[in-house]
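One-letter residues, chain by chain:
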Amino acid sequence: MKPVVGMVVSNKMQKSVVVAVDRLFHHKLYNRYVKRTSKFMAHDENNECSIGDRVRLDPSRPLSKRKHWVVAEILRKARVYVPPSSIPASPSDSTGGPKPAATSPSS
């Protein structure tokens, strides 16, 4: 087997991750490319992978019933979302006072 590249979809296990690997093949009857996804369990010795990481898997001897792959390297780390409330606001952004209410013309 050759090394495959995929995306980590689960890392809830200890020293194990589930990696989704996409492949395209040409459908002869419909003359279109079809995308298929395979999910592999892989060994992550140092628990470095997180969900959304792009990793390269190398084949290995069977490590358990479903684990036959080892995470060789992390190609791209996932971007972590930081909520805006945790970012300190600078004092120039807000005036600190209440905003004036919009007045409507009365007749």
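Preceding this paragraph is the structure being described.
Presented here is an overview of the structure given in this document. Please read these numbers as outputs of a predicted model, since none were measured by experiment. (Residues numbered from 1 in each chain as written. Predicted model: local features only at pLDDT ≥ 70, side-chain atom pairs only at ≥ 80, totals over all residues. Heavy atoms only, no water.)

Take the side chain of Ser-16 next. Along the polypeptide, Ser-16 turns up in strand 2 (residues 16–27). A distance of 2.8 Å separates a polar atom in the side chain of Ser-16 from a polar atom in the side chain of Lys-67. Apart from the residues within four sequence positions on either side, Ser-16 is in contact with Asn-11, Ala-42, Asp-44, Asn-47 and Lys-67. (Helix = DSSP H or I, 4+ residues; strand = E, 2+ residues; numbered from the N terminus. Polar contact = N/O pair within 3.5 Å; in protein donor to acceptor, adjacent residues only side chain to side chain. Contact = heavy atoms within 4.5 Å.)

So, about the environment of Asp-58. Inspection of the secondary structure puts Asp-58 in strand 4 (residues 54–59). Note: C-alpha distance between Asp-58 and Ala-72 (14 residues apart in sequence) is 5.9 Å. When near neighbours in sequence (up to four residues on either side) are disregarded, Asp-58 contacts Pro-3, His-68, Trp-69, Val-70 and Ala-72. Within the structure, Asp-58 has its side chain in polar contact with the side chain of Arg-56 (distance 3.0 Å).

Once that is clear, we can look at the packing of aromatic side chains. Summed over all chains, the structure comprises 1 aromatic pair. On the basis of an interplanar angle of 45° and a centroid distance of 5.1 Å, the ring pair of Phe-40 and Trp-69 is categorised as tilted. Within this pair, whereas Phe-40 is found in strand 3 (residues 32–43), its partner Trp-69 is found in strand 5 (residues 67–76), the two being separated by 29 residues in sequence. With relative accessibility at 25%, the residue Phe-40 sits in the partly exposed group. Residue classification places Trp-69 among the buried positions, given a relative accessible area of 6%. (Phe/Tyr/Trp six-rings, centres within 6.5 Å; stacked < 30°, edge-to-face > 60°. Buried < 20%, exposed > 50% of the residue type's maximum accessible area, 1.4 Å probe, protein only.)

Once that is clear, we can look at the sheet that holds strand 3. The strand order around the closed barrel formed by 5 strands is 1-2-3-5-4, and the pairing between neighbours is mixed. Each strand axis lies, on average, 50° off the axis of its neighbour in the sheet, ignoring direction. Pairing of strand 4 with strand 5 involves 6 bridges; the strand directions are antiparallel. Its bridge partner being in strand 5, Pro-59 is matched across the sheet by Trp-69. (Pairing = 2+ DSSP bridges. Axes fitted to C-alpha atoms, helices over the stretch in contact; angles between N-to-C directions.)

What follows concerns the pairing of strand 2. As paired elements, strand 1 (residues 4–13) and strand 2 share 4 bridges and run antiparallel to each other. Bridge pairing in strand 2 places Met-13 opposite Ser-16. The antiparallel pairing of strand 1 with strand 2 creates a hairpin that spans 2 residues between the two strands, and Lys-15 there sits at a positive phi of about 60°. Two elements, strand 2 and strand 3, share 12 bridges in a ladder whose sense is antiparallel. From the neighbouring strand, Val-21 faces strand 3, where its bridge partner is Ser-38. Count of turn residues in the strand 2/strand 3 antiparallel hairpin: 4 residues, of which Asn-31 carries a positive phi of about 55°.

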